[in-house]
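Remarks on the overall topology
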Protein chains: 2
Amino acid sequence: MTPKSKATIADVARAAGVSTATAGRVLGGYGYTSEEKKEHVLKAAQDLGYRPNALARSLITGKTRTLGVVAGDIQNPFYASVLRGISNVAEANGFGLLITNSDEARAKEVHSVELLAQKQVDGLIVTPSDTRKARHLHNLKAMGMPLVLIDRAVAGLMVDRVATDNIAAAEQAVRHLIAAGHRRIGIVAELVDEESGKLDAFLARAVAGDPIESETLYPSWQRLLGYIRAHRIEGLPVDPRLTLRAGSYSALAAQAVVSRLMTTPGQPTALFTTDGTMSEGAMRALTELKLSIPQDLSLICFDDLDWMSFHRPGITTVAQPRLAMGEAAARMLLERIRGEAFPPRTVLMPAELVERGSVARL
Amino acid sequence: MTPKSKATIADVARAAGVSTATAGRVLGGYGYTSEEKKEHVLKAAQDLGYRPNALARSLITGKTRTLGVVAGDIQNPFYASVLRGISNVAEANGFGLLITNSDEARAKEVHSVELLAQKQVDGLIVTPSDTRKARHLHNLKAMGMPLVLIDRAVAGLMVDRVATDNIAAAEQAVRHLIAAGHRRIGIVAELVDEESGKLDAFLARAVAGDPIESETLYPSWQRLLGYIRAHRIEGLPVDPRLTLRAGSYSALAAQAVVSRLMTTPGQPTALFTTDGTMSEGAMRALTELKLSIPQDLSLICFDDLDWMSFHRPGITTVAQPRLAMGEAAARMLLERIRGEAFPPRTVLMPAELVERGSVARL
DNA sequence: GATAATGGCGAGAACGTTCTCACATATGAG
DNA sequence: CTCATATGTGAGAACGTTCTCGCCATTATC
């Protein structure tokens with residue numbers, strides 16, 4: 001009844017008058033046991049309030065039935081949804097979830113991965129914060145740790161991966177704006193990168209139609225690429241003054257660049273934001289400047305946040321299947337943990353353009 | 001360099017030419033060791049890519065340096081923020097975080113708690129889904145498991161607890177509406193309860209000014225109580241037709257009741273929503289009915305969600321310190337884990353009314 | 001009636017750590 | 001010189017499970 005203190009298998013065995021081996025068998029459910037002894041053991045376990053110690057079990061089996069996740073920031077709706085997806089399938093399969101935040105910083109990510117590895121998780125789901133320098137992830141793979149990447153890839157790291165088809169999604173969104181008659185379309189993207197001159201070079205190459213290794217690009221660069229492709233396809237020039245780099249994953253930074261964009265001559269008639277945080281920053285800027293959507297500026301966002309549906313006007317946006325992405329990643333990871341050995345898979349999930357009222361026809 | 005496969009302390013000891021005891025001492029940092037052997041061991045550990053097995057360590061020390069959390073739903077902004085707060089202090093103290101969702105269902109919560117206990121977490125943070133029936137939590141406490149409750153209390157369970165001062169916060173919000181000249185104020189609250197007749201009885205008692213044991217009330221009931229108190233203080237009658245029960249923690253349910261309220265005679269001039277989900281449901285209803293804030297209806301919400309600041313008009317709301325609540329809970333839990341033994345503490349955090357543009361003066 | 005296969009059980013060795021000893025050596029005090 | 005104290009080391013026992021044996025019955029096979 002009242003589980004006083006911790007009872008072990010040995011205690012249960014003693015109370016039931018059997019060996020620890022037998023008690024272990026019925027409690028662990030892994031060998032032959034007579035109905036009679038089984039009853040005794042179960043009774044004793046019940047009385048003593050026996051609770052198996054997963055630590056000891058894991059130590060010997062080598063399996064913890066725990067998944068590790070290193071997300072960017074749990075508080076961000078994108079990660080929150082992805083995590084919920086992961087959690088759903090983990091729970092359905094009896095797995096626990098060890099969760100950490102990297103804040104998109106490589107050092108914190110390395111630290112997280114180390115913590116999770118020490119705790120002997122059976123597999124790891126990571127949104128890598130650096131698509132180039134990721135020795136810790138390569139090591140993980142070399143040691144045989146099942147690993148699934150979400151949202152981004154790592155150059156040269158052949159592991160399972162699930163992401164949105166960013167280029168196609170962005171291209172569709174921007175072409176939608178062009179089809180509505182817009183010719184000057186701004187884009188606000190995170191676009192972090194060590195080399196600050198990279199944006200111009202990238203623009204030049206993309207506009208020229210040079211082939212670009214897009215797989216290992218950060219999502220915001222991929223979405224920028226989609227933006228450029230849309231322009232190329234529709235025969236529109238890309239004005240570099242309209243490609244805004246926030247430089248960090250922060251709504252404040254986005255607000256600042258959008259504010260500047262809308263208060264200097266040569267304003268766009270439409271704006272494309274490349275993720276939830278950029279969308280929030282843009283909205284703040286527009287509110288501050290008292291600009292009306294879509295009269296003063298049309299808007300298409302990336303990622304469907306709760307408020308976009310009841311905002312007036314409704315915000316047209318590219319909806320990523322966040323929950324499904326998490327679920328898919330978790331499922332793939334569990335398959336690897338079970339030992340299945342296909343070649344590394346990349347699941348590119350389609351995003352859906354949900355049209356609401358934030359785009360004006362010109 | 002390249003950590004081929006798992007190296008144990010014994011492997012390192014062998015490579016360094018010392019006993020496992022000595023190797024353990026330098027790697028674990030817990031005894032005397034000469035500088036010379038220390039170097040050898042460290043070198044060997046480096047070469048072999050030694051990574052301590054936290055399972056084995058925990059098994060013998062009895063400490064896992066892992067906190068368990070059972071939240072309602074990670075995807076909900078309230079829980080997402082609280083979790084981030086918990087995560088911040090956990091990380092700063094070198095603790096891992098095992099997270100589960102209860103979806104506010106007792107059965108799932110029991111299951112979660114059992115999982116976390118088996119995994120031998122050092123302590124547990126729970127948002128209990130049932131304030132009365134919680135034997136699993138009583139058991140936990142009886143077994144000496146450090147436990148902190150967030151957002152809600154459990155009748156008769158004397159453990160540390162952190163919550164918002166809901167009654168005071170709601171009272172302040174409603175009085176703000178009354179001061180602005182509103183006389184018919186609606187309230188939308190979750191108000192789940194087994195007995196469906198309870199709302200009327202509760203209303204009758206509260207309006208009469210009968211003393212009510214408010215500590216173990218669900219937050220939505222507490223906020224309703226604050227609403228009633230505000231009316232009493234200001235000498236205003238409470239019209240039961242204006243107290244809306246969504247009945248479940250769902251935006252859809254809230255949308256439905258608000259829709260009905262605003263389309264039947266005797267509409268209120270202001271509305272108070274008691275949590276983020278209710279706010280979202282109310283916003284959907286208002287958008288659907290094309291009602292303008294604050295011209296057609298004034299609004300005060302509970303919990304400051306991202307969009308409320310850039311919505312036009314800005315939404316006046318009661319801001320809970322979600323992050324700080326999580327941090328406080330984690331800090332209290334860590335103190336208990338360290339063995340400090342004050343009597344059970346209740347931390348009631350003040351909420352702040354942030355005034356924006358959703359309240360009209362009548 | 002011997003041999004083999006099967007069900008049921010217990011002793012004891014794992015798993016990879018930490019921890020308790022006992023013991024060795026060096027240093028300082030009297 | 002002797003005793004105490006501090007520093008360093010290794011053997012081996014924990015921790016609470018699972019797993020591999022070997023043993024004993026019982027039943028099936030020829």
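Residues numbered from 1 in each chain as written. Chains lettered and ligands numbered in written order. Predicted model: local features only at pLDDT ≥ 70, side-chain atom pairs only at ≥ 80, totals over all residues. Heavy atoms only, no water.

1. Quick word on the overall build of chain A
Here is the rule: A helix here means a DSSP run of H or I that spans at least four residues, while a strand means a run of E at least two residues long, and both kinds are numbered starting from the N terminus. For the radius of gyration, the atoms used are the C-alpha atoms, and the globule rule reads 2.2 Å times the number of residues raised to 0.38. In this scheme, a residue with accessible area under 20% of its type's maximum is buried, one over 50% is exposed, and one in between is partly exposed, where area comes from a 1.4 Å probe on protein chains only. Every residue pair with non-hydrogen atoms within 4.5 Å of one another is taken to be in contact. Working definition of accessibility: Shrake-Rupley area with a 1.4 Å probe, residue cover restricted to the visible protein chains. Here the positive residues are Lys and Arg and the negative ones are Asp and Glu; neither His nor the chain ends is included. Think of each charge as sitting on NZ of Lys, CZ of Arg, CG of Asp or CD of Glu.
On a plain count of helices and strands, chain A comes out with 14 helices and twelve strands. Compactness check: chain A gives a C-alpha radius of gyration of 26 Å against a globular reference of 21 Å for 362 residues, more than 25% above the reference. The C-alpha extent of chain A, read off along each of the three principal axes, is 90 × 40 × 30 Å. By the burial criterion, 57% of the 362 residues in chain A qualify as buried. Look at the contacts in chain A between residues 6 or more apart in sequence, and 69% of them connect residues 24 or more apart. Summing over all exposed atoms, chain A offers an accessible surface of approximately 15200 Å²; the carbon and sulfur share of this is 53%. Side chains of chain A carry 42 positive and 39 negative charges; the gap between the two charge centres is 3 Å.

2. A short note on unusual backbone geometry
Look at the link from Arg312(A) to Pro313(A): it is a cis peptide, with omega at 0°. Along the chain, Pro313(A) falls in the loop between helix H13 (307-310) and strand E10 (316-319). With a phi close to 65°, Gln120(B) is a non-glycine residue in the positive phi region. One non-glycine residue with positive phi stands out, namely Leu191(B), at about 50°. Along the chain, Leu191(B) turns up in the loop between strand E6 (185-189) and helix H9 (198-208).

3. Points about the pattern of salt bridges
Inclusion rule: A pairing counts as a salt bridge when a side-chain nitrogen of Lys or Arg comes within 4 Å of a carboxyl oxygen of Asp or Glu.
The final tally for this structure, using the stated rule, is 42 salt bridges over all chains. A salt bridge links Glu234(B) to Arg175(B); the nearest nitrogen and oxygen atoms lie 2.8 Å apart. Residue Glu234(B) is located in the loop between helix H10 (219-233) and strand E7 (243-245), and its partner Arg175(B) is located in helix H8 (residues 166-179); the two are separated by 59 residues in the primary sequence. A residue is classified by how much of its surface remains accessible, and Arg175(B), at 33% relative accessible area, is partly exposed. Residues Asp239(B) and Arg184(B) are paired through a salt bridge, measuring 3.1 Å at the closest nitrogen-oxygen approach. Pair noted here: Asp239(B) is in the loop between H10 and E7 and Arg184(B) is in the loop between H8 and E6, with a separation of 55 residues, a long-range link. Residue classification places Arg184(B) among the partly exposed residues on the basis of a relative accessible area of 27%. Through salt bridges with shared partners, a single ionic network connects Asp73(A), Asp103(A), Lys108(A), Arg84(B) and Glu91(B).

4. Description of the relation of the copies chain B and chain A
Related by rotation about an axis and a shift along that axis, the two copies of the chain form a pair. For clarity, the threshold we go by: Least-squares superposition of the copies uses the C-alpha atoms of those residues scoring a pLDDT of at least 70 in each of them.
Of the transformation placing chain B onto chain A, the axial shift is 0.1 Å and the rotation is 180°, giving an RMSD of 0.1 Å. The superposition operator between the copies reduces to a two-fold rotation axis. Using C-alpha coordinates, one finds that chain B approaches the rotation axis most closely at Leu98(B), a distance of 2.3 Å. Take the interface residues of chain B: 100% of them recur as interface residues in chain A, which is what a same-surface contact looks like.

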